[in-house]
Amino acid sequence: MPPSADSVDSLSSPDSPDSAVLADPRSFDRFARDYDRFVTLLPGHNTSWLLGLAPGGGRALDAGCGSGHAALALADRYEEVVGVDLSPPLIALAEATRAHPRVRYLTQDLFDLTDADGFDLVYSHTALHHLDDCRAGLEHLKRLVRPGGTVALVDNVCDRYPTPPRRAYTWPALWNFPRELCRLGPRDAWFQLRFWHSGPWLDHLLSDRYLSRAAFRTLYGSVFPGARFDDLGFALAMTWTAPEPSAPGM
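Residues numbered from 1 in each chain as written. Predicted model: local features only at pLDDT ≥ 70, side-chain atom pairs only at ≥ 80, totals over all residues. Heavy atoms only, no water.

Caption draft 1: Local environment of the pairing of strand β2 (residues 78–85). Of all the eight residues making up β2, six are buried; the element is thus mostly covered by neighbouring parts of the structure. In this sheet, β2 lies alongside strand β1 (residues 57–63) in parallel orientation, the contact comprising six bridges. Within β2, the position partnered with Leu61 by the bridge is Val82. Following the chain from β1 across helix α5 (residues 69–74) to the adjacent parallel β2, one finds a crossover that is right-handed. Of the pairings in the sheet, the one linking β2 to strand β3 (residues 103–107) comprises five bridges and is parallel in character. By the bridge assignment for β3, Asp85 is matched with Thr107. Note on the crossover from β2 through helix α6 (residues 88–97) to β3: the handedness is right-handed. (Buried < 20%, exposed > 50% of the residue type's maximum accessible area, 1.4 Å probe, protein only. Helix = DSSP H or I, 4+ residues; strand = E, 2+ residues; numbered from the N terminus. Pairing = 2+ DSSP bridges. Right-handed = clockwise from strand over helix to strand, strands pointing away.)

Shown next, in the form of structure tokens:
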């Protein structure tokens, strides 16, 4: 018998009292705590591809950092990590649960972020599809990377339709439940299943619009010529190295 609802989740409890924010299905504010727990239960916490790049250097930016999983993972590899997210509850969670001397979290719109020093790594995971103007977001991130630095971007894609239907999320969650039960145990597996079927999360997913793989490669490749693409199944990932400045007289 699964644990009682009261013992496993706060799925019906908003994280922010701001009614305007709560009315926007794109906002993570009303389910920030549950989303943080959901990501914590994912294998690799959504950082496996990033860490597979063997990153390291001076400064790193995590744009759309959420509750700080990737920023914390980068803290042992960079002298300074800046995590930026629009959601105050997610940043509060990051500061409370994933603080690190080399990590600084900012509640800020991506387009308002400026940094004269630039970053050796500019990273974003499944955040850019939330922008009204994805090309403008890509161009802004490109301006933040140092010469010789790396831009590493991951975002969801879907070739069948821009917005997958509800069943594209709820049915696989049911099919995978026995496997997740073995992997996570009853308490966390039951929470995960209920999160996949929760109203705020589904409202959020049904507000998303994804590029197809072809459109992703075309758009990202036009901003980052010569970029490398990796197909992660649910998403495409892109890496690009900013060119070094030409030597005088070259």
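Caption draft 2: A look at the sheet that holds strand β6 (residues 228–231). The strand order across the open sheet built from seven strands is β3-β2-β1-β4-β5-β7-β6, with neighbouring strands paired in mixed fashion. Unpaired on one side and paired on the other, β3 and β6 mark the two borders of the sheet. Averaged over all pairs of adjacent strands, the angle between their axes in this sheet comes to 15°, without regard to strand direction. Where β6 and strand β7 (residues 235–241) come together, four bridges link them in antiparallel fashion. (Axes fitted to C-alpha atoms, helices over the stretch in contact; angles between N-to-C directions.)

Caption draft 3: Expanded view of the packing of helix α9 (residues 177–184) against helix α10 (residues 186–196). α10 packs onto α9 with a crossing angle of 140° between their chain directions and a minimal axis gap of 7 Å. Compared by their axis directions, α9 and α10 come out oblique. Crossing angle aside, the handedness with which α9 passes α10 is right-handed. Residue-level contacts link Phe177, Glu180, Leu181, Arg183 and Leu184 of α9 to Pro186, Asp188, Ala189, Trp190, Gln192 and Leu193 of α10. (Parallel < 35°, antiparallel > 145°, perpendicular 65-115°, else oblique. Left-handed = near helix turned anticlockwise from the far one by under 90°. Contact = heavy atoms within 4.5 Å.)

Caption draft 4: The packing of helix α3 (residues 32–41) against α10, seen in detail. The N-to-C vectors of α3 and α10 enclose an angle of 120°; their axes lie 10 Å apart at closest approach. Put simply, α3 runs oblique to α10. Both α3 and α10 take part in a crossing whose hand is left-handed. Along the contact surface, α3 presents Asp34, Tyr35, Arg37, Phe38 and Leu41, while α10 presents Arg187, Asp188, Phe191, Gln192, Phe195 and Trp196. For the contact of α3 with α10, the residue count by class is six nonpolar, one polar and four charged. (Nonpolar A, V, L, I, M, F, W, Y, C, P; charged D, E, K, R; others polar.)

Caption draft 5: Structural detail: the pattern of salt bridges. Following the criterion strictly, the structure yields 15 salt bridges and no others. A salt bridge links Arg179 to Glu180, with the nearest nitrogen and oxygen atoms 3.6 Å apart. Overall, Arg179 belongs to the exposed group, its relative accessible area being 53%. By relative accessible area, Glu180 is classed as buried at 10%. Connected through salt bridges with shared partners, the residues Arg59, Glu80, Arg104 and Asp115 form a single ionic network. (Salt bridge = Lys/Arg side-chain N within 4 Å of Asp/Glu carboxyl O.)

Caption draft 6: Expanded view of unusual backbone geometry. Located in the positive-phi region is Ala54, a residue other than glycine, with phi close to 55°. Along the polypeptide, Ala54 turns up in the loop between α4 (48–52) and β1. Using a relative accessible area of 64% as the deciding quantity, one classes Ala54 as exposed. A positive phi angle, near 45°, is found at Thr126, a position not held by glycine. Assignment of secondary structure puts Thr126 in the loop between β4 (119–125) and α7 (134–144).

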